[in-house]
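So the chains spell out like this:
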Amino acid sequence: MVKHIAILVFSLLLVAACSDYHSAPRFEGEVYSVAGLLISGHSIDLEHPLYITKSANISEFDPLNLFVTEAELKIFELDTGKSWELEHVIDFSQMRVKWIDPQRNIIQPGYRYRMELRIPRLTEIISAETTVPPPAELNPDYYGNGSAGANPTLDEASMGEVAFKDADYRFPIALNTFDKAGTFNFIAEIYCLEEFSTNLEFTTPVMGITHAPAEMESGYYASGESMRRIMIQARFASAFSAEHDSNYLLLRDYRQAYIFFGRYRVSAYLCDQNYYRYKYMPEGYLHGGIKNGLGYFGSASGGAMYVRIVKGEEEE
């Protein structure tokens, strides 16, 4: 993982504005995409919405027409027979059209859900199904090393400070899977909450460079994985912890994902096969479980913790 992050940092320093790409399959006519991740314990809301978009001719591209509003989107809770319709709203803070559940039905761990999308002029139904992973909950201080103001927290407003050298040694990513042991699809995101600035300081200098150069700004805000957002994805085992009398999935070696000193959100989830395959497969939008369309309809269980990474005595 350290090698991977080092290569990422080096590449972004040299070619911040460049990215590799390859050609995708060619599609004819209008093609519709769905993007949605159901989170156990939450409803489908502005923070966890579904998106519906459609293809556009590049020569006639209008971003205002990217999002689909004329549609019927329904969710089925297959284990109970319950169903409900989603409605679209405009999130002006992000200038996106989001599909949310006005009834605020809570997504249940272990339940199966089906999405059906009907669009005027289309004869086929765009659909997908997902099974929500079992319950999972982050423990920000698994070893009990923390103290007031000196450990990660589940509340962003009260995040504590942790020295970079101790970040994973004392505070691993610890996901409690309760009575479920075994191997799970696991995804973590280490996201820097600081806005870009040339005052951002690297936790590990890169080729003698200690602060972010101005030309790195576009790469910092790039979508997908970047110097601001490091993703960790793998199959991890959860095993019994006698100390906590529960099953835990532990990730101890992730400190190098903190590329800069500053505030971070660390998210960790068990995820279903749809989202996992979407994230790791080449051209993942073909493997996200969507029938008669592209994208993904998946589910996850987990949460986020918050921490401010600071210098320790050895790093002064």
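Below or above, wherever it landed, is the structure these notes cover.

Thresholds applied
- Residues numbered from 1 in each chain as written.
- Predicted model: local features only at pLDDT ≥ 70, side-chain atom pairs only at ≥ 80, totals over all residues.
- Heavy atoms only, no water.
- Helix = DSSP H or I, 4+ residues; strand = E, 2+ residues; numbered from the N terminus.
- Buried < 20%, exposed > 50% of the residue type's maximum accessible area, 1.4 Å probe, protein only.
- Contact = heavy atoms within 4.5 Å.
- Areas by Shrake-Rupley, 256 points an atom, 1.4 Å probe, with all protein chains shown as cover.
- Phe/Tyr/Trp six-rings, centres within 6.5 Å; stacked < 30°, edge-to-face > 60°.
- Core = buried A, V, L, I, M, F, W, Y, C linked by side-chain atoms within 4.5 Å.
- Pairing = 2+ DSSP bridges.
- Salt bridge = Lys/Arg side-chain N within 4 Å of Asp/Glu carboxyl O.

1. Section: the overall build of the chain
Helices and strands together make up the secondary structure of the chain, namely 3 helices and 17 strands. Looking at the chain as a whole, 46% of its 316 residues qualify as buried. A separation threshold of at least 6 residues defines the contact pool for the chain, and within that pool the share at least 24 residues apart is 71%. As presented, the chain carries roughly 16,400 Å² of accessible surface, and 49% of it is formed by carbon and sulfur atoms.

2. Some details on the environment of Asp-141
Among the structural elements, Asp-141 can be located in the loop between β8 (137–138) and β9 (160–163). Sequence separation of Asp-141 and Phe-171 is 30 residues, and the distance between their C-alpha atoms is 5.9 Å. Not counting chain neighbours up to four residues away, the residues in contact with Asp-141 comprise Gly-146 and Phe-171.

3. Thoughts on the environment of Ala-174
Checked against the element boundaries, Ala-174 lands in strand β10 (residues 173–178). In this structure Ala-174 comes out as buried when scored by relative accessible area, which is 0%. Leaving out residues up to four positions away in the same chain, Ala-174 has contacts with Glu-137, Leu-138, Asn-139, Tyr-142, Tyr-248, Leu-249 and Leu-250.

4. A few points about unusual backbone geometry
Located in the positive-phi region is Asp-245, a residue other than glycine, with phi close to 55°. With respect to the helices and strands, Asp-245 occurs in the loop between β14 (229–241) and β15 (246–251). Phi is positive for Glu-283, which is not a glycine, with a value near 50°. Checked against the element boundaries, Glu-283 lands in the loop between α3 (273–280) and β17 (294–310). With a relative accessible area of 22%, Glu-283 lands in the partly exposed category.

5. A look at the packing of aromatic side chains
Counting across every chain of the model gives 17 aromatic pairs. Taken together, a centroid distance of 5.1 Å and an interplanar angle of 75° make the contact between Phe-186 and Phe-236 edge-to-face. Of the two residues, Phe-186 sits in strand β11 (residues 182–192) while Phe-236 sits in strand β14, which places them 50 residues apart along the sequence. Seen in terms of ring centroids, Tyr-278 and Tyr-296 are 4.3 Å apart; in terms of plane orientation they differ by 40°. Their pairing is tilted. Residue Tyr-278 is located in helix α3, and its partner Tyr-296 is located in strand β17; the two are separated by 18 residues in the primary sequence. On the basis of relative accessible area, Tyr-278 is assigned to the partly exposed category, the value being 27%.

6. Comments concerning the side chain of Thr-53
Its place among the elements puts Thr-53 in strand β2 (residues 50–54). Judged by its relative accessible area of 18%, Thr-53 is buried. For Thr-53, the contacting residues outside a window of four places in its chain are Val-31, Tyr-32, Ser-33, Leu-66, Phe-67 and Val-68.

7. Remarks on the nonpolar core
If you look at the biggest cluster of nonpolar residues, it comprises 39 residues, and the most contacted ones within it are Ile-173, Phe-186, Tyr-258 and Phe-260. Looking at this core element by element, the count peaks at 5 residues for β11. Setting aside residues no more than four positions away along its own chain, Phe-186 makes contact with Ile-173, Leu-175, Ile-232, Gln-233, Ala-234, Phe-236, Leu-249, Leu-251, Ala-268, Tyr-269 and Tyr-276. By size, the runner-up hydrophobic cluster in this structure holds 35 residues, among which are Tyr-51, Val-68, Leu-117 and Val-132.

8. Let's talk about the pairing of β17
Counting buried positions along β17 gives 14 out of 17 residues, so the element sits mostly inside the fold. With 7 bridges connecting them, strand β1 (residues 32–39) and β17 associate as parallel partners. Paired with Ser-33 across the bridge in β17 is Leu-294. Bridge count for β9 against β17 is 4 bridges, and the pairing is parallel.

9. Notes on the pattern of salt bridges
Under the definition given, this model contains 12 salt bridges. For Asp-79, the salt bridge is made with Arg-112, and the minimal N-O distance between the two is 3.6 Å. Placement of the pair is Asp-79 in the loop between β3 (72–77) and β4 (82–91) and Arg-112 in strand β6 (residues 112–118), with a sequence separation of 33 residues. Residue class for Asp-79 comes out partly exposed when judged on its relative accessible area of 40%. Residue classification places Arg-112 among the partly exposed positions, given a relative accessible area of 37%. A salt bridge links Glu-189 to Arg-265, with the nearest nitrogen and oxygen atoms 3.1 Å apart. Here Glu-189 is found in strand β11, whereas its partner Arg-265 is found in strand β16 (residues 262–271), with 76 residues between them in sequence. On the accessibility criterion, Glu-189 (15% relative accessible area) is buried. When its relative accessible area of 24% is taken as the criterion, Arg-265 is described as partly exposed.

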